[in-house]
Amino acid sequence: MKRLIGRPQEALLCAKAKRQRQCFICAKAKRQQQMFSVAKAKRQLQSAQPERKSTPRYDDKYGN
């Protein structure tokens, strides 16, 4: 176990770095969750819409 007596500034910097890393990881996880939710919602909207079928402009059978 490290001794922090005599090095309070170093201990504070270490604690600050840990908090910053935790905040960064938390923010990154939130962004990933939001992106996943948006992508899922888009897929659900697309699957709910009826599929459009293209109709040919000219029908070769009738010589148009």
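I will try to describe carefully the structure that is included in this document. (Residues numbered from 1 in each chain as written. Predicted model: local features only at pLDDT ≥ 70, side-chain atom pairs only at ≥ 80, totals over all residues. Heavy atoms only, no water.)

The number of helices and strands found in the protein chain is one helix and zero strands. A burial count over the protein chain gives 0% of its 64 residues as buried. Summed over its atoms, the accessible surface of the protein chain is roughly 7100 Å², and 56% of this surface lies on carbon and sulfur atoms. (Helix = DSSP H or I, 4+ residues; strand = E, 2+ residues; numbered from the N terminus. Buried < 20%, exposed > 50% of the residue type's maximum accessible area, 1.4 Å probe, protein only. Areas by Shrake-Rupley, 256 points an atom, 1.4 Å probe, with all protein chains shown as cover.)

The next thing to look at is the state of the cysteines. Following the criterion strictly, the structure yields zero disulfides and no others. Cysteine Cys23 shares no disulfide, and the gap to the nearest cysteine sulfur, in Cys26, comes to 7.2 Å. In this structure Cys23 comes out as exposed when scored by relative accessible area, which is 54%. Judged by relative accessible area, Cys26 falls into the partly exposed class, the value being 40%. (Disulfide = S-S within 2.5 Å.)

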